[in-house]
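Fold and contact review
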Amino acid sequence: MNEILWIVFALINFSMLTLIYKGFGRQGLFVWIGMATVVANIQVTKTIEMFGLTATLGNIIYGTVFLATDILNEKYGKQEAKKAVWLGFFTLISMTVMMQIAVKWFTPVGSEVQAALETIFGLLPRVAAGSLLAYIVSQYVDVFIYSKLKSMFAGDRFLWVRNNGSTMVSQLLDSFVFTLVAFLGEVPTNVWFEIFITTYVIKFIVAALDTPFLYLAKRFNKASNHS
């Protein structure tokens, strides 16, 4: 059931991103990126098993951030995509700082809510640092590669090349930076390598699934370009 649920969940995530863009244009993508970076870092605390692999849940909605920046890059240019990257980064830092303070407040002993918040937001410093560093590095690389591929492979015919080329490379970098900072030295090297490969395989599949939605967004009427 996890495999079926994962595919359905991915389609729902990409569909909702497409709908918010259709309804609200560029502003909708900025809102989505801010929301998705926060939700992804909450969902990542949940471990799941599918296709014989152990993975974290947040990979799907995190993948939608790359799709959103690709849409911005494709239709509005590299500078708008960079602006969105920094918006997501600031949102993620703000959430991390505020929730780290929130869990420090005194709470009566035995509070189930406090225990739940500490489980979700009581991040180890290395995990938090890895998440922030991986986000800003991979997103900037994604924007850069997409822009370069757009100049080399122009036209709708090569839209899939721009999308998959930029996302799959940047997701590889994202997986490497995050696992390197968060886990290397904390777990045996073979376990670290398994986490890295598994994380990237899942993100690779997500990147492939988002391509039809980029084509759909590209087809929206040109009035949305000014939104």
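So, here is what we can say about the structure in this document. (Residues numbered from 1 in each chain as written. Predicted model: local features only at pLDDT ≥ 70, side-chain atom pairs only at ≥ 80, totals over all residues. Heavy atoms only, no water.)

A closer look at a nonpolar patch on the surface
- The grouping of Met1, Ile4, Val8, Ile12 and Met16 at the surface amounts to a nonpolar patch, some 530 Å² of accessible area in total.
- Inspection of the secondary structure assignment puts Met1 in the segment before α1 (2-43). (Patch = residues over 30% accessible without salt bridge, like charges linked within 9 Å, V, L, I, M, F, W, Y side chains within 5 Å. Areas by Shrake-Rupley, 256 points an atom, 1.4 Å probe, with all protein chains shown as cover. Salt bridge = Lys/Arg side-chain N within 4 Å of Asp/Glu carboxyl O. Helix = DSSP H or I, 4+ residues; strand = E, 2+ residues; numbered from the N terminus.)

Comments concerning the side chain of Arg162
- Mapped onto the fold, Arg162 is located in helix α6 (residues 159-183).
- A relative accessible area of 1% places Arg162 in the buried class.
- In terms of polar contacts, Arg162 uses its side chain to reach the side chain of Glu74, at 3.0 Å.
- Only 2.5 Å separates the side chain of Arg162 from the backbone oxygen of Phe153, close enough to count as a polar contact.
- Not counting residues up to four positions away in its chain, the partners in contact with Arg162 are Glu74, Tyr146, Leu149, Lys150, Phe153, Ala154 and Gly155. (Buried < 20%, exposed > 50% of the residue type's maximum accessible area, 1.4 Å probe, protein only. Polar contact = N/O pair within 3.5 Å; in protein donor to acceptor, adjacent residues only side chain to side chain. Contact = heavy atoms within 4.5 Å.)

Points about the packing of aromatic side chains
- Using the criterion set out here, one finds twelve aromatic pairs in the structure.
- Centroid distance Trp86 to Phe89: 5.5 Å. Interplanar angle 85°. Geometry classified as edge-to-face. With Trp86 and Phe89 both in helix α3 (residues 78-102) and three residues apart, the pair spans about one turn of that helix.
- An angle of 55° between the planes, with centres 5.6 Å apart, marks the rings of Phe153 and Phe158 as tilted.
- Exposure remark for Phe153: the relative accessible area of 29% places this residue in the partly exposed category.
- Of the residues examined, Phe158 reaches a relative accessible area of 26% and is grouped as partly exposed.
- Linked through ring pairs, Tyr62, Phe66, Trp86, Phe89, Tyr135 and Tyr140 together constitute an aromatic cluster. (Phe/Tyr/Trp six-rings, centres within 6.5 Å; stacked < 30°, edge-to-face > 60°.)

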